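Listed below, chain by chain, are the residues.
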Amino acid sequence: MKTILITGAAGDVAGHLRRELAGRYALRLSDIAPIDDLREGEHYQQGDITSMDDMLAATRDADAIVHLGGYAVEGPWEAILDANIIGLYNVFEAARRNGVKRILFPTSNHAVGFYRRDEVIDHRVYPRPDSRYGVSKVFGEAIGSLYADKYGLEVFNIRIGNVNPQPIDKRRLAIWISPRDLAQLVTIGIEHPDIRFEIVYGVSGNKRSWYDNTNAVRLGYKPVDDSERFAAEILAREKPPTDMRAEKYQGGTFVTAEQVDLPRRR
Ligand code: 15L
């Protein structure tokens, strides 16, 4: 059975993945915060991504890494610098030094959040980050490209929209991904025999999607969910927009906000 390191394993997205991937992999869970609800097949290893020593210990003998650790929204530059630039570098560099071949990098829709909502974009568009956070995700994609080209790492970038059991508002109808669809993409990222450097969009098969996700489909992705079945209910309770710039661009409030509330931790 493959050993998969998940960084940021105490976070909400990791919680969904742990449930969906249970029994299929040996999961090494790394986080600064403790995790006390371990299942069979899970092992907790305390680790801070800003420490190279911790990341060298965490990545040792892993078959693949799902690097979820980091600062998850727009926020203070110092926090993003520590977690998403220094921490990100540490994980890739530790993987290289330990000979871990494959890294899955959950990047974000905010790497391309300044594309308009009336545009459909694919994996080849140039980045248009909507925030310092979005810039840090572009940095992560760039490190992945460097490590793939220069050192032969196999890098699978998933530009995640919004992971939730259900979409939560109108914008998320376009970018929602269900936990089981995300697990399907992660499984492709771990198992596909022919990955060098790929970018796919982490969204379900949403009718309202802003993404042409043919690269994911080419690699075998067959999303089972579509946000459309929630659309009527969500649109009925949506309040009229007040921030017209946020309304115009795919990144929503990230295009104007200096700080966004951190998602909940488990
Ligand atoms: C993200 O990249 C964040 O990590 C997540 O918390 C959500 O804010 C999501 O984007 C979103 O755009 O909904």
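Below is a summary of the structure that appears in this document. Remember, predicted model here, so these are calculated numbers, not experimental data.

## Some thoughts on the site of the ligand
Taken together, the neighbourhood of the ligand is formed by 13 residues, with Ala72, His110, Tyr133, Arg171 and Arg172 sitting nearest. In the model, an oxygen atom of the ligand is placed 2.6 Å from a nitrogen or oxygen of the Arg171 side chain. Interatomic distance of 2.7 Å between a side-chain N/O atom of Arg172 and an oxygen atom of the ligand. For the ligand, whose accessible area on its own is 320 Å², the fraction buried by protein is 84%. Here the ligand is seated within the largest pocket. Element by element, the count of residues in the shell around the ligand is highest for helix H5 (residues 170-175), at three residues.

## Looking at unusual backbone geometry
Look at Asp61: it is not a glycine, yet its phi comes out positive at around 60°. Along the chain, Asp61 falls in the loop between helix H2 (52-59) and strand S4 (64-67). Residue class for Asp61 comes out exposed when judged on its relative accessible area of 65%.

## Observations concerning the pairing of strand S6 (residues 154-160)
Counting buried positions along S6 gives seven out of seven residues, so the element sits mostly inside the fold. Residue alternation in S6 divides its side chains into two sets, Glu154, Phe156, Ile158 and Ile160 and Val155, Asn157 and Arg159, and both sets are buried. As judged from the seven bridges shared by strand S5 (residues 102-108) and S6, these two strands associate in the parallel manner. By the bridge assignment for S6, Phe105 is matched with Asn157. Bridge count for S6 against strand S9 (residues 197-202) is six bridges, and the pairing is parallel. Looking at S9, one finds that Arg159 is bridged to Tyr201.

## Considering the packing of helix H1 (residues 12-21) against helix H6 (residues 179-191)
Running from N to C, H1 and H6 point in directions that differ by 75°, and their axes come no closer than 9 Å. Relative to H6, H1 is oriented roughly perpendicular. Facing Val13, His16, Leu17, Arg19, Glu20 and Leu21 of H1, the residues of H6 in contact are Pro179, Arg180, Leu182, Ala183, Val186 and Thr187. Residue composition of the contact of H1 with H6, grouped by class: seven nonpolar, two polar and three charged.

What counts and what doesn't
Residues numbered from 1 in each chain as written. Predicted model: local features only at pLDDT ≥ 70, side-chain atom pairs only at ≥ 80, totals over all residues. Heavy atoms only, no water. Near = heavy atom within 4 Å. Polar contact = N/O pair within 3.5 Å; in protein donor to acceptor, adjacent residues only side chain to side chain. Areas by Shrake-Rupley, 256 points an atom, 1.4 Å probe, with all protein chains shown as cover. 1 Å grid on protein atoms, 1.4 Å probe; cavity = no way out; pocket = protein on both sides within 12 Å on 5 of 7 lines; lining within 4 Å. Sits in = over half its atoms within 2 Å of the grid points. Helix = DSSP H or I, 4+ residues; strand = E, 2+ residues; numbered from the N terminus. Buried < 20%, exposed > 50% of the residue type's maximum accessible area, 1.4 Å probe, protein only. Pairing = 2+ DSSP bridges. Axes fitted to C-alpha atoms, helices over the stretch in contact; angles between N-to-C directions. Parallel < 35°, antiparallel > 145°, perpendicular 65-115°, else oblique. Contact = heavy atoms within 4.5 Å. Nonpolar A, V, L, I, M, F, W, Y, C, P; charged D, E, K, R; others polar.

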